[in-house]
Amino acid sequence: MRASTFFMPTLREVPAEAEIASHQLLLRAGFIRKSAAGIYTFLPLGLRVLKKVEEIVREEMNRAGGLEIQLPILQAADLWHRSGRWHVYGPELIRLKDRHGRDFCLGPTHEEIVTELVKGEVRSYKQLPLLLYQIQNKYRDEKRPRFGLLRGREFVMKDLYSFDRDEAGLEESYRKMYTAYERVFTRCGLDFRVVEADTGAIGGHDSHEFMALAAAGEATIVYCGACGYAANAEKAESRSTGEAGGERPRPLERVATPGKRTVEEVTAFLGVPARKIIKTLVYQSDAGPVAVLVRGDREVNEVKLQRIVGSLRLELADGPTVEKLTGAPVGFAGPVGLNLPLVVDREVAGLANAVAGANAADAHYVNVNPGRDFTLDTVADVRLAAAGDPCIRCGEPLSATRGIEVGQLFKLGDKYSRVMEATFLDENGRERYYIMGCYGIGISRTMAAVVEQHHDAEGIIWPWSLAPFKVVVLPVNSRDEVQAALAEKIYRMLVTAGYDTILDDRQERPGVKFKDADLVGYPVRITVGQKAAAGQVEVRNRRSGETVLVDAADVVQAVTAICGV
RNA sequence: CGGGAUGUGGCGCAGGUGGGCAAGCGCGCUUGCCUUGGGAGCAAGAGGUCGGGGGUUCAAGUCCCCCCAUCCCGACCA
């Protein structure tokens, strides 16, 4: 490719809308342009990278036995009614009507439609296992799209669905995908960690997430350096700390706490540590309001709470509701005498002589003792695990870091095949539900995650496997015929040798070309300058910055040395 | 969906509080000259319904109301 006829609009300044590195750099370097919030156009450079990620994924899916198909994006509501997800999915599902007023949606994921396909076409256990996948746009009307390609409303995803005859088959498919995912993200040059995950709205009973480690990531990962336990903070468990340990219960006492609403204010006013305060939060669930009790120094894990309560929708009650239910303004709720179902965190159940709101303005109780002063309706782990907590497995302190979820595996079991009545005949001629799994990779998100991990102050540094071009050949003085001729010759040599190469033959000053080369992030730059007269050029490694002077005849060898092939 | 902010040539911004007749600056773009190892220089140009609608006023980029869009924080999210 010749830069003079290529389309790569680079920007000197950072677009005001971009906050994080991958978003800024992909815009500046001419890979993507925004069309609407969370919706992007891929320019030639961006599409090249996207296709390389896709190709790696495709190769690994095929290696694992996957078969590529293409399911419709536009899906009739009927299927979604049958699975129940037309209502469950909520406003994130983009819905539309055809000219007859029939309901459709744009596929956010494809369990229904692929299950329907297999139901109609597969009859026998002899045809299993079946691993079907596709790579295409997905649509999710996110409440808040952000960070460029990291959270879009339209994005590219690979989704594979496995159909097995039994749980053992699912285990095998799951294991294959796990391995394939490790290979995919390794080949993409990502520093990633596999964590235990919650299954969320997709459902099922077992799940892992592949997290690219990055400060810009929206997910918190807690992990144990000692035993290797790692989980999404939404899912993570940890051992309880700070058991009361034999403290003798004292009589319940009501104290005035004028205007002291927050844990910080109450701790300061009463001189007790936050871990001795019972924080009471009122949530609205499908089944009505519930009160959740966690220690003052803890946060509620709403994903866990959702499971405990068995509610699809869950949100913190607003001020007026809290006042109506507890009889006190926000900040003075407590379990004593509260007429609401209580979900009590294990740590709270172990407290003695704690502090809690008195359900009256400007008052708290001290010496609150769980079990004595209020009933322990439901005791469970409802708190967010945090760094420093003892590991659930080995007890060593947990660490926390941020990650970008680039892939997730789910064991679905018969969740979808059962509701869709998708069955096959086993070797005994008996009808059985398919045992399914589903496995997603965010292709466009992976591209952004790679940029998050691979960039410097000058621009992107693409891993060899994803670079839009491996090599840029850069004649310093475009008017110099010797340089132009040698650059052309080297360009041809590299193309012949099979390297994706771009020749920067633009009539630009050298500074512009150098800046663009660094910004776009080609792994190798070949500078054809004054030494061209002597048949020599510079070969520079973008990542290390290392530059070597080589004879023009040896450039292919020098490039091969850098790519490590 | 709550909170905050922003919207002025392609990009980045100033102007706005106290309305005043001239809509500016830098970058980019076009043409010419010049220059060629890290986003050069000189000169001449093109390009704007000041997000949209309504209102106040003799007069609105500037004040008021409504709407739209975008970004950030939170909530939410396979």
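The shown structure was predicted, so the numbers you read here are calculated from the model rather than taken from an experiment. (Residues numbered from 1 in each chain as written. Chains lettered and ligands numbered in written order. Predicted model: local features only at pLDDT ≥ 70, side-chain atom pairs only at ≥ 80, totals over all residues.)

How should the confidence of the model for chain A be read in this particular structure?
Per-residue confidence for chain A gives a mean pLDDT of 91; residues scoring 70 or more make up 98%. The element-level mean pLDDT for chain A is lowest in strand β16 (residues 314-316), coming to 76, with strand β3 (residues 67-68) highest at 98. Scored as a whole, the predicted complex attains pTM 0.91, and scored at its interfaces, ipTM 0.92. (pLDDT = per-residue confidence, 0-100. Helix = DSSP H or I, 4+ residues; strand = E, 2+ residues; numbered from the N terminus.)

So what exactly am I meant to see when it comes to the sheet that holds strand β6 (residues 103-106) here?
The strands making up a sheet associate through backbone hydrogen bonding, with each pair oriented either parallel or antiparallel. Within the open sheet, the 3 strands sit side by side as β4-β6-β5. Their pairing is antiparallel. Looking at the sheet topology across the chains shown, the edges are occupied by β4 (74-76) and β5 (95-97). Each adjacent strand pair in this sheet contributes to an overall mean axis angle of 40°, direction not counted. Of the strand pairs in this sheet, β4 and β6 are connected by 3 bridges, and their pairing is antiparallel. What sits directly across from Gln75, in β6, is Cys105. (Pairing = 2+ DSSP bridges. Axes fitted to C-alpha atoms, helices over the stretch in contact; angles between N-to-C directions.)

Before we go on, may I ask you to explain helix α8 (residues 302-309) in this structure?
Note that an α-helix has 3.6 residues per turn; residues three or four places apart therefore point the same way. Where α8 is concerned, the buried positions are Lys304, Leu305, Gln306 and Val309. At its buried positions, α8 is contacted by β14 (278-285), β15 (288-295), β16 and β17 (342-345). (Buried ≥ 20, exposed ≤ 12 C-beta atoms within 10 Å, placed from the backbone. Contact = placed C-beta atoms within 7 Å.)

Please clarify how the environment of Pro15 should be interpreted in this entry.
Considering the arrangement of structural elements, one finds Pro15 in the segment before α1 (21-28). As for Pro15 and Arg28, which are separated by 13 residues in sequence, their C-alpha atoms are 7.4 Å apart.

It is not clear to me how unusual backbone geometry should be interpreted in this structure. Could you clarify?
Note on backbone geometry: most residues besides glycine have negative phi, and most peptide bonds are trans. Here the amide bond leading from Leu128 into Pro129 is cis, since omega sits at 0°, within 30 degrees of zero. The phi torsion at Asp362 lies on the positive side, around 60°, for a residue other than glycine. Looking at where Asp362 falls in the secondary structure, it is placed in the loop between β18 (354-357) and β19 (363-368). Residue Asp362 is classed as partly exposed on the basis of its 16 C-beta neighbours within 10 Å. In this structure, Glu421 takes a positive phi of about 55° despite not being glycine. Following the sequence through the fold, Glu421 ends up in the loop between α11 (415-419) and β22 (423-425).

Help me understand the pairing of strand β21 (residues 398-413) in this model?
Strand residues, when the strand is regular, have side chains that alternate between the two faces of the sheet. Burial runs high along β21: 12 of the 16 residues are buried. For strand β10 (residues 206-213) and β21, the ladder comprises 8 bridges, and the chain directions are antiparallel. Of the residues in β21, the one forming a bridge with Ser207 is Phe410. Here strand β11 (residues 219-224) runs beside β21; their pairing, made up of 6 bridges, is antiparallel. Looking at β21, one finds that Thr220 is bridged to Arg402.

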